[in-house]
Amino acid sequence: MWTRQRTEHPSDEEEKRERERLTSLLSGQPEEAPDPAYWQELMAGTNRRIDNASSARALSVSWVARVAIPGAVSILFFFIGLHYYVPERNPDQVTVIEIVSMLPEESQDSLVAYLLDRTALSDSGLVFYGDLLELSEDEVEQYMVASGHTAVLLKSLPDEHIGELISLLQTRKRTSRF
Amino acid sequence: MNSQATPELSDLELVQHVRAGDRQAFTSLMQRYHKQVYRIARRIVGNHEDADTVAQEAFLKAYLGLGDFRNDSTFHTWLYRIAVNLALNAVRKQQIMSYLRESELLARFLPRDERSRAPLNDSETGGTLQEALRALPEKQLSVFVLRFFEELSYEETAEILKTSVGGLKVNYIQTIGQIREHLSSVDAAAH
């Protein structure tokens, strides 16, 4: 193997000589050129990839412009509208509670557990909103214990939606008794 | 843009046309450099399949990154740098694959068709020259390919590899010597 180390710069002549010696040694080596038809394939394949990449990029930009931004603005206006204009209750309208009631029992449990967990994390005030819970405390406890939660946690409920959900669960429980 | 006139335009002018949205101008640039890019990739990676992938990737990357191309270097040295880097990455992947093929990890991680794929043989890789190239460190391999096969100047080679011209000359001469010794020893053994 070539192990000599050198630090001085080779002259142009020396480089030329070295190159010629190697070139003559390589003269018997097989040529690595691909089939002539390959060049067209390379150009066509590369053009295809560029077109695909360009259209993907254009799609992504147009998606942001046409869908994402207007969507975000619409949602923002919806919440602003909801804040200032409380909709009148239409008796024929399906409520959130009714939709939730259509969920399987496990999903309702998960939803309540999620809301409770969220509430427990914001321990700014452990207030019991008794008026929101139309069911007896025993019933609530029974449900919470059955679903793995404690009555103490229940007493921290600050959100009226949670009360509504629990009422719903109580209704379901009553219905299932009969 | 009038794409009919592109053959007379310089690389820089074509780049400006591409930036202005003329897709055909980039095809003209590809037409000028596709063989060189493929050859550089082929010499570094040692086989057609990977060289084809590298060449396509290099042009795709160049097209998408044309906004980053600054006029302080020439288009072709910028393009070749992309190709060399991609090719060296491909070589690293080959080395990892080679390790996996030889190890017991093979059965666990590789899909069945990859497992059965045989390692590249001498006829596919150009025989002893490719063996000699495979034994070179990355930098020496890149210098040799750009200088010996593509006959780029030291200045261009240094720009592509982001190194100094002085170090390259010594490096290049040593590499020629290493390869010549390798070929001579194989030749002597054959006789």
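Residues numbered from 1 in each chain as written. Chains lettered and ligands numbered in written order. Predicted model: local features only at pLDDT ≥ 70, side-chain atom pairs only at ≥ 80, totals over all residues. Heavy atoms only, no water.

### With respect to the overall build of chain B
- When helices and strands are counted, chain B shows 11 helices and 0 strands.
- Listed by position from the N terminus, the elements making up chain B come as α-α-α-α-α-α-α-α-α-α-α.
- Considering chain B as a whole, with its 191 residues, one finds that 53% of them fall into the buried category.
- Taking contacts inside chain B between residues at least 6 apart in sequence as the whole, the part at least 24 apart equals 60%. (Helix = DSSP H or I, 4+ residues; strand = E, 2+ residues; numbered from the N terminus. Buried < 20%, exposed > 50% of the residue type's maximum accessible area, 1.4 Å probe, protein only. Contact = heavy atoms within 4.5 Å.)

### Some details on helix H1 (residues 11-19) of chain B
All names here are of chain B.
- Buried within H1 we find Asp-11, Leu-14, Val-15, His-17 and Val-18. Buried positions in H1, seen along its axis, are confined to an arc of 160° and lie on one side of it.
- Among the residues trailing H1, Gly-21 stands out with phi positive, at a value near 105°. (Arc of directions from axis to C-beta.)

### Quick word on the pattern of salt bridges
- Enumeration according to the criterion identifies 10 salt bridges over all chains in this entry.
- With its nearest N and O atoms 2.5 Å apart, the salt bridge here joins Glu-57 of chain B to Arg-49 of chain A. Taken together, the residues span two chains, with Glu-57 of chain B in helix H3 (residues 48-64) and Arg-49 of chain A in helix H2 (residues 38-84).
- The exposure class assigned to Glu-57 of chain B is partly exposed, which follows from its relative accessible area of 28%.
- We classify Arg-49 of chain A as partly exposed; its relative accessible area is 27%. (Salt bridge = Lys/Arg side-chain N within 4 Å of Asp/Glu carboxyl O.)

### Digging into the nonpolar core
- Counting residues in hydrophobic clusters, the biggest one holds 64 residues, and the most contacted among them are Phe-26, Val-37, Ile-44, Phe-75, Phe-144 and Ile-179 of chain B.
- By residue number, the principal contributor to this core is helix H4 (residues 75-102) of chain B, which donates 12 residues.
- Residues from two domains meet in this core; each of domain 1 (6-94) and domain 2 (102-190) of chain B gives at least three.
- Contact partners of Ile-179 of chain B, with chain neighbours within four places excluded, come to Leu-22 of chain A together with Leu-129, Ala-132, Leu-133, Leu-136 and Phe-144 of chain B. (Core = buried A, V, L, I, M, F, W, Y, C linked by side-chain atoms within 4.5 Å. Domains from an automatic or database assignment.)

### Regarding the side chain of Gln-56 of chain B
- Structurally, Gln-56 of chain B is set in helix H3.
- A residue is classified by how much of its surface remains accessible, and Gln-56 of chain B, at 13% relative accessible area, is buried.
- The contacts of Gln-56 of chain B, once residues within four sequence positions are left out, are Leu-42, Gly-45, Thr-46 and Arg-49 of chain A.

### Regarding helix H10 (residues 154-161) of chain B
All names here are of chain B.
- Residues of H10 that are buried include every one of Tyr-154, Thr-157, Ala-158 and Ile-160, and no others. The arc enclosing the buried residues of H10, seen along the axis, measures out at 160°, which places them on a common side.
- Taken from the residues just after H10, Lys-162 is the one with a positive phi, measuring 50°.

### Description of the interface of chain A and chain B
- On the chain B side, the residues contacting the 35 residues of chain A number 44 residues.
- The junction of chain A with chain B conceals about 4000 Å² of combined surface from both sides, 61% of it contributed by carbon and sulfur atoms.
- Here Glu-18 of chain A makes a salt bridge to Arg-180 of chain B, at a shortest N to O gap of 2.3 Å.
- Put simply, the parts of the chain that give the side of chain A that touches chain B at least two residues each are helix H1 (12-26) and H2 of chain A. (Buried area = accessible area lost by both parts, 1.4 Å probe.)

### As for the packing of aromatic side chains
- Under the criterion given, the structure shown has 15 aromatic pairs over all chains.
- Residues Tyr-38 of chain A and Trp-39 of chain A carry aromatic rings whose centres are separated by 5.5 Å and whose planes lie at 55° to one another, so their mutual orientation is tilted. An identical accessibility class is assigned to Tyr-38 of chain A and Trp-39 of chain A; each is buried.
- Where Phe-144 of chain B meets Phe-148 of chain B, the ring centres are 4.8 Å apart and the plane angle is 10°; that geometry is what we call stacked. Linking Phe-144 of chain B with Phe-148 of chain B, this pair stays in helix H9 (residues 138-149), spanning 4 residues, or about one helical turn. Across the pair, exposure class does not vary: Phe-144 of chain B and Phe-148 of chain B are buried alike.
- Among the aromatic residues, ring-to-ring pairing joins Tyr-33, Phe-69, Phe-75, Trp-78 and Tyr-80 of chain B into one connected group. (Phe/Tyr/Trp six-rings, centres within 6.5 Å; stacked < 30°, edge-to-face > 60°.)

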